[in-house]
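# Summary of the model geometry
For reference, the chains in residue letters:
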Amino acid sequence: MFSSSILLQILACALYGNWWPMLSALMYVVVPMPCMFFGGGSTQFLISRDGGGWIDAAKFMTGASAVGSIAIPMILRHANLIETGAMAIELTSFFLFVCTVLCFHRASLDDEW
C-alpha cells in the first residue's frame, strides 16, 4: 500500500508535467518524526491520554504535518500551480498513506505478530 501511495505521488507529477506536488512528499517524511523522537518509535503515545510537555508537542506536530499533507495540494491548486487531476491523485495518495499507517498501527497493537 505504501508503494502504491508513492507511485501515485510520482504519477501526479509525471502525468501533468509539473513537479510541484512533490512538496507534499516532504510531509510524508515529516509525519513520523515526532513518533521517532518523542514516542520512542511507537505509535502508542498518540492514542493515550497521558500528557506532558514533549508528548503534547509530538501530538501537535504529528497533527500539523498531517493537515499539511492535505493542505499543500489544495493550496497549490488554488494558486493554479497544479491541475485538478493532480490534486485528486495527491489526495488519493495521502489517503492510501493514511490507510498504510493505520494498518501498521493495528498490526503493532496485536501481540500475536
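All of these numbers come straight from a predicted model, not from anything done at the bench.

Rules behind the numbers
Residues numbered from 1 in each chain as written. Predicted model: local features only at pLDDT ≥ 70, side-chain atom pairs only at ≥ 80, totals over all residues. Heavy atoms only, no water. Helix = DSSP H or I, 4+ residues; strand = E, 2+ residues; numbered from the N terminus. Buried < 20%, exposed > 50% of the residue type's maximum accessible area, 1.4 Å probe, protein only. Contact = heavy atoms within 4.5 Å. Areas by Shrake-Rupley, 256 points an atom, 1.4 Å probe, with all protein chains shown as cover. Arc of directions from axis to C-beta. Phe/Tyr/Trp six-rings, centres within 6.5 Å; stacked < 30°, edge-to-face > 60°. Axes fitted to C-alpha atoms, helices over the stretch in contact; angles between N-to-C directions. Parallel < 35°, antiparallel > 145°, perpendicular 65-115°, else oblique. Core = buried A, V, L, I, M, F, W, Y, C linked by side-chain atoms within 4.5 Å.

This paragraph deals with the overall build of the protein. A tally of regular secondary structure across the protein gives six helices and zero strands. Its helices and strands in sequence order give the protein the pattern α-α-α-α-α-α, from N to C terminus. Split into buried and exposed, the 113 residues of the protein put 28% on the buried side. Taking the intrachain contacts of the protein between residues at least 6 apart in sequence as the baseline, contacts between residues at least 24 apart amount to 60%. Total accessible area on the protein stands at roughly 7100 Å², and carbon and sulfur atoms take up 71% of it.

The next thing to look at is helix 2 (residues 23-30). For helix 2, the set of buried residues is Ser24, Met27 and Tyr28. Looking down the long axis of helix 2, one finds its buried residues gathered within 105° of arc, a one-sided arrangement. Packing partners of the buried residues in helix 2 comprise helix 1 (2-14), helix 5 (53-78) and helix 6 (84-109).

Applying the stated criterion to the full structure yields three aromatic pairs. Aromatic pair Tyr28 and Phe97: ring centres 4.6 Å apart, planes at 15°, arrangement stacked. You can see Tyr28 sitting in helix 2 and its partner Phe97 sitting in helix 6, a full 69 residues away along the chain. Assessed through its relative accessible area of 8%, Tyr28 is described here as buried.

The subject of this paragraph is the packing of helix 1 against helix 2. Between helix 1 and helix 2, whose axes approach to 10 Å, the crossing angle comes to 155°. By the angle between their axes, helix 1 is roughly antiparallel relative to helix 2. Every residue of helix 2 that contacts helix 1 at Ser5, Ile6 and Gln9 is listed here: Ser24, Ala25 and Tyr28.

We now examine unusual backbone geometry. In most cases, non-glycine residues show a negative phi, while peptide bonds are predominantly trans. Here the phi dihedral of Asn80 falls at roughly 60°; this positive angle occurs in a residue that is not glycine. Along the chain, the position of Asn80 falls in the loop between helix 5 and helix 6.

On to the nonpolar core. What tends to happen in soluble globular proteins is that the nonpolar side chains get buried as a cluster. Formed by Leu76, Ile82, Ala86, Met87 and Leu91, the largest nonpolar core amounts to five residues. In terms of residues, this core owes the most to one element, helix 6, which gives three residues. Ignoring sequence-local partners within four residues, the contact set of Ile82 consists of Asn18, Trp20, Pro21, Pro73, Leu76, Arg77 and Met87.

In this fold, Ser93 is placed in helix 6. The spacing of Ser93 and Ile10 is 83 residues in sequence and 9.6 Å in space, taken between C-alpha atoms. If sequence neighbours within four positions are ignored, Ser93 has contacts with Ser5, Leu8, Gln9 and Tyr28.

Another point: the side chain of Ser5. Residue placement: Ser5 occurs in helix 1. Excluding residues within four positions of it along the chain, Ser5 makes contact with Tyr28, Ser93, Leu96 and Phe97.

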